[in-house]
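Survey of secondary and tertiary structure
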Amino acid sequence: MQITELAQLCDARPQGGDPALGIDSAADIMSAQAHQVTVLSDGKYKKYLQSCQASACFISEQLLEADIPANMTLLVCKDPEMSFLKAVGALHPEPARKRQISAQAVLADDVTLGQDVHIGPFSSIGERCRIGDNSTIEASVQIGNNVSIGNNCRIHPNAVIYDNSVIGNNVIIHAGSIIGADGFGYKYRNNQHVKVPHVGNVVIEDNVEIGANTCIDRGALGSTRIGWGSKIDNLVQLGHNNVVGRNVIICGQCGISGSCTIEDGAILAGSVGVADHVKIGSRAVVMARSGVSQNIDSGAQVWGSPAKDRKVIWRELAALAKLPELIQKIKNLENRLDKLEK
Amino acid sequence: MQITELAQLCDARPQGGDPALGIDSAADIMSAQAHQVTVLSDGKYKKYLQSCQASACFISEQLLEADIPANMTLLVCKDPEMSFLKAVGALHPEPARKRQISAQAVLADDVTLGQDVHIGPFSSIGERCRIGDNSTIEASVQIGNNVSIGNNCRIHPNAVIYDNSVIGNNVIIHAGSIIGADGFGYKYRNNQHVKVPHVGNVVIEDNVEIGANTCIDRGALGSTRIGWGSKIDNLVQLGHNNVVGRNVIICGQCGISGSCTIEDGAILAGSVGVADHVKIGSRAVVMARSGVSQNIDSGAQVWGSPAKDRKVIWRELAALAKLPELIQKIKNLENRLDKLEK
Amino acid sequence: MQITELAQLCDARPQGGDPALGIDSAADIMSAQAHQVTVLSDGKYKKYLQSCQASACFISEQLLEADIPANMTLLVCKDPEMSFLKAVGALHPEPARKRQISAQAVLADDVTLGQDVHIGPFSSIGERCRIGDNSTIEASVQIGNNVSIGNNCRIHPNAVIYDNSVIGNNVIIHAGSIIGADGFGYKYRNNQHVKVPHVGNVVIEDNVEIGANTCIDRGALGSTRIGWGSKIDNLVQLGHNNVVGRNVIICGQCGISGSCTIEDGAILAGSVGVADHVKIGSRAVVMARSGVSQNIDSGAQVWGSPAKDRKVIWRELAALAKLPELIQKIKNLENRLDKLEK
């Protein structure tokens, strides 16, 4: 694709270099070569621009500077990150794949399929399931009974969806994720743990993406729910009856026990743990590896285990680093006092 | 089901309301509606009873009170939690599923099947395997050679069971769990990590439940063993040669390195880590996110990383919170001493 | 196998006992019985030797002692651990399995297979894939398009390998692992998280072993790379664009965010977390459950969250344990000062 074409597609204005040059792929600013396009979206990477071999670079007006490589065309635009994403998509389109219902898939007789559904080999789909238009079920996806999947979804290989799950439109579920297994609940009676029946389900709203090997347990009664546009990374554990709001971000290896509420726009960084029945307020940020055992206010930024305001934790940790010398100081004070008292 | 019927089934005595009313499902006390049954098992939820719309509510003699909604039948019983579980099971029976050996499953010639075994499509079962009466192998379960599975087991889709595993009766293994992969062991020689062969196996006793995407590694020599009635949640890592006792609870995302002993009735809360060769005593409780590197006494309750008696850790954390102001206090003391010494 | 034979095979010299005796299996020194071979590789287990019932025991010259059981043949050798590993392999050979391309596997027309490849049932292999000589693809492995797998690899059941992955020779991937799912990247615009396209891939070099249910995400642009001989345990999360060097050890449940560099020979113990863009130097050791947010020097040994030199952390924790009594001490000092000032 010519630079001029790419510029037009991505709402950018070409400046300098040879805009007639062809671009065949995208790369980051530290590794881009001739015939590649890159992006400078953050001032701290400016130092790499001068030696960068890319033929084109998305850049904002704000970061524009005189001193650019002669062979590079700048693609000046309002939002270089988004223009670059568009370019990546255009330069690296996913190859078209044959869409079909595999002869090696097993579908119950009463499955309802929308238009242009793809079902890969070794997938099974249970009774009364519905799959919407343009949805793709990859190989070896096992879907129980009475599951509803919306339009334009993509379920990657070896995902498992238990009975009665409800999945909206434009949902991506990566390989190996388990939607709707029983929650972890027992009552201890007569020297044994008696299983709490889990008769609820999982509801996943539109535009949710779920990473690989993540587990979302069904509700005991009622639903475990993932709200519109929320994004969940790999190897996350989401227990029974959690309610996750809209546009929530849950990073890799987080564990949310059960019956929690994670409000809209909250961000849980990697490996965060949340105890039962906790509410995390909207737009709250829980920093990596925190353990949350109490409610978190909207907009709060917390850290540590148990999690507190992150500034408080920083202060505590800074103080802790001084503690060994403090102990010596106190000994000195005692000695001085001993002398004075004598 | 009529309330009177339900009462009889669940060992409860109906009181008040209209016991002839039909109940069609169960719900928790905060969301239950007419024609639903709920439970009040904990006094702290008593406040929800007055406004609750449920037609029936299990309750103990102890929590009985005069002031109950007119439309509600109380179901007075000794153990409301257990009566409610029974009601949930009765009101939400799992739909009967056709039981068969799928034509799309691959079984070695010498597999021994008990009576009424179900094997779903895309499952493979290796040589010399035995599967007991009434056991259910769901879709796409891959079972190696010489595996024994008892009666009344249920292995959910996409679970993998490696060679020589021994699984008792009434065992549930949820989707995506991996039983018997090689443990993580190497010897470093001549600039490379040489793999330690793993020729042991995994033994799972009766009444164990294992969550989704959990990994239980085989023994290097000898067995990794999960004792009678123990319950293991999702995404747990259980390394080689661990011996887990009876009725142990291991919550989500715990990681037990290897050659550990977890004695009967111990409880490991979420995301607990345990180092190699550690013994956790019977009925010990390890609180969430703790890191255990030394043996834990029976009945102890520990927390933190490294884990200590939980009261000790609480005291340390409370002290740490005061540390920043303490540093100021010490400065003041120094100043006062300076003055006195002059 | 006779002891003399075993000795010859494993470069050991038999001494004492009856070297004509047969050995049928291997066991550790605490449980070995007659007709078993064991090893004494560490002086701290010497106390078990006297009562050990094993018929043979690998031992170094250094640990040799007069006082050995009469029925035991010592197998004196330079490297007892390695000799024992060899013996375990010889005594417990993996049973030969029929090698074939299963009739229940689905291969694209243009797949290239080396000699003696095994492909289990319910595996699918996409277009333009290449699989090298003697490689084994177990049951229900799902491989996308344009994937290259080298010689002598073993891919266990239910692993998933996304498009364009490149896997070297002698690579083992355990069950349920996901190679090449999209990384976790979004840009927040107009009240929604816009997905960053992931058009890179995963490259795994020779002699790598990857545990069960581990996730290795593809690069956004460019590759996520696992270097020669590195070993990765179960349930590990390796995010997009990480570069892992040679002979690196990553233990269970570690989480490496993205764009990190883990240099040759580094060791990450269990449940370590690493933030984005961090470099961990060669041969550095990160102790269990640490959270690494800044670069770690080569050869450093760090611990804690945030991770620091492990001696510094030990000192801080030791000081913290004294903190509650320190607070009392400071109160006493204040009282004494009060008196003096009066």
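Given the structure is predicted, the values throughout are model-derived calculations rather than measurements.

1. Some words on the relation of the copies chain B and chain A
The two chain copies are related to each other by a rotation about an axis together with a translation along it. Rotating chain B by 120° about the axis while translating it 0.1 Å along that axis superimposes it on chain A, leaving an RMSD of 0.1 Å. One copy is carried onto the other by what is essentially a three-fold rotation axis. Closest approach to the rotation axis within chain B is made by the C-alpha atom of Phe122 of chain B, at a distance of 3.6 Å.

2. Focus: the UniProt feature "active site" (unreviewed entry) in chain A
Residue and element names in this part refer to chain A. Sites flagged by UniProt as "active site" (unreviewed entry) map to His240. Within the secondary structure, His240 is located in the loop between strand E26 (237–238) and strand E27 (243–244). Taking relative accessible area as the criterion, His240 reaches 17% and is therefore assigned buried. Other than its neighbours up to four places away in sequence, His240 contacts Gly183, Phe184, His198, Asp217, Arg218, Gly219, Ala220, Thr224, Ser257, Gly258 and Ser259. Looking at His240, its side chain comes within polar contact range of the side chain of His198, at 2.7 Å.

3. Thoughts on the pairing of strand E21 (residues 201–204) of chain B
Residue and element names in this part refer to chain B. Burial along E21 is two-sided: Asn201 and Val203 facing one way and Val202 and Ile204 facing the other are all buried. For strand E16 (residues 166–167) and E21, the ladder comprises two bridges, and the chain directions are parallel. From the neighbouring strand, Val166 faces E21, where its bridge partner is Val203. Pairing between E21 and strand E24 (residues 223–226): four bridges, direction parallel. Looking at the pairing, Val202 lines up with Thr224 of E24.

4. Focus on the interface of chain B and chain C
In this assembly, 65 residues from chain B lie in contact with 55 residues from chain C. For the pairing of chain B and chain C, the buried interface totals around 4700 Å² over both sides, and the portion due to carbon and sulfur atoms is 66%. Counting the contacts that link chain B with chain C gives six salt bridges. Across the pair Arg336 of chain B and Glu341 of chain C runs a salt bridge whose closest N-O atoms are separated by 2.8 Å. Where chain B meets chain C, there are 23 residue pairs in polar contact (both at pLDDT 80 or more). If you list the elements that add at least two residues to the side of chain B that touches chain C, you get strand E19 (186–189), strand E20 (192–195) and helix H3 (310–341) of chain B.

Criteria and cut-off values
- Sequence positions are assigned chain by chain, starting from 1 and proceeding in written order.
- As they are written, the chains are lettered A onward and the ligands numbered 1 onward, keeping that order.
- Totals for whole chains, interfaces and linings use all residues, but because this is a predicted model, local features are given only for residues with pLDDT of at least 70 and pairs of side-chain atoms are given and counted only at 80 or more.
- As a rule here, side-chain values cover all heavy atoms of the structure and leave hydrogens and water aside.
- The atoms used to superpose the copies are C-alpha atoms, taken from residues with pLDDT of at least 70 in both, and the fit is least squares.
- UniProt positions are given in the numbering used here, feature names are shortened, and annotations may be inferred rather than shown by experiment.
- Helix and strand assignments come from DSSP, with helices taken as H or I runs of at least 4 residues and strands as E runs of at least 2, each series counted from the N terminus.
- A simple rule labels every residue: compare its accessible area, found with a 1.4 Å probe on the protein chains alone, to the largest value its type can have, and call it buried under 20%, exposed over 50%, or partly exposed in between.
- Here, two residues are considered to be in contact whenever any of their heavy atoms come within 4.5 Å of each other.
- In protein, a polar contact requires one atom able to donate a hydrogen and another able to accept it; more generally it is a pair of N or O atoms within 3.5 Å, and residues adjacent in sequence count only if both atoms are side-chain atoms.
- A strand pair is defined by DSSP finding two or more bridges across the two strands.
- Once two parts are joined, some of their accessible surface, as seen by a 1.4 Å probe, is lost; buried area is that loss totalled over both.
- Each salt bridge in this description consists of a side-chain nitrogen of Lys or Arg and a carboxyl oxygen of Asp or Glu lying within 4 Å of one another.

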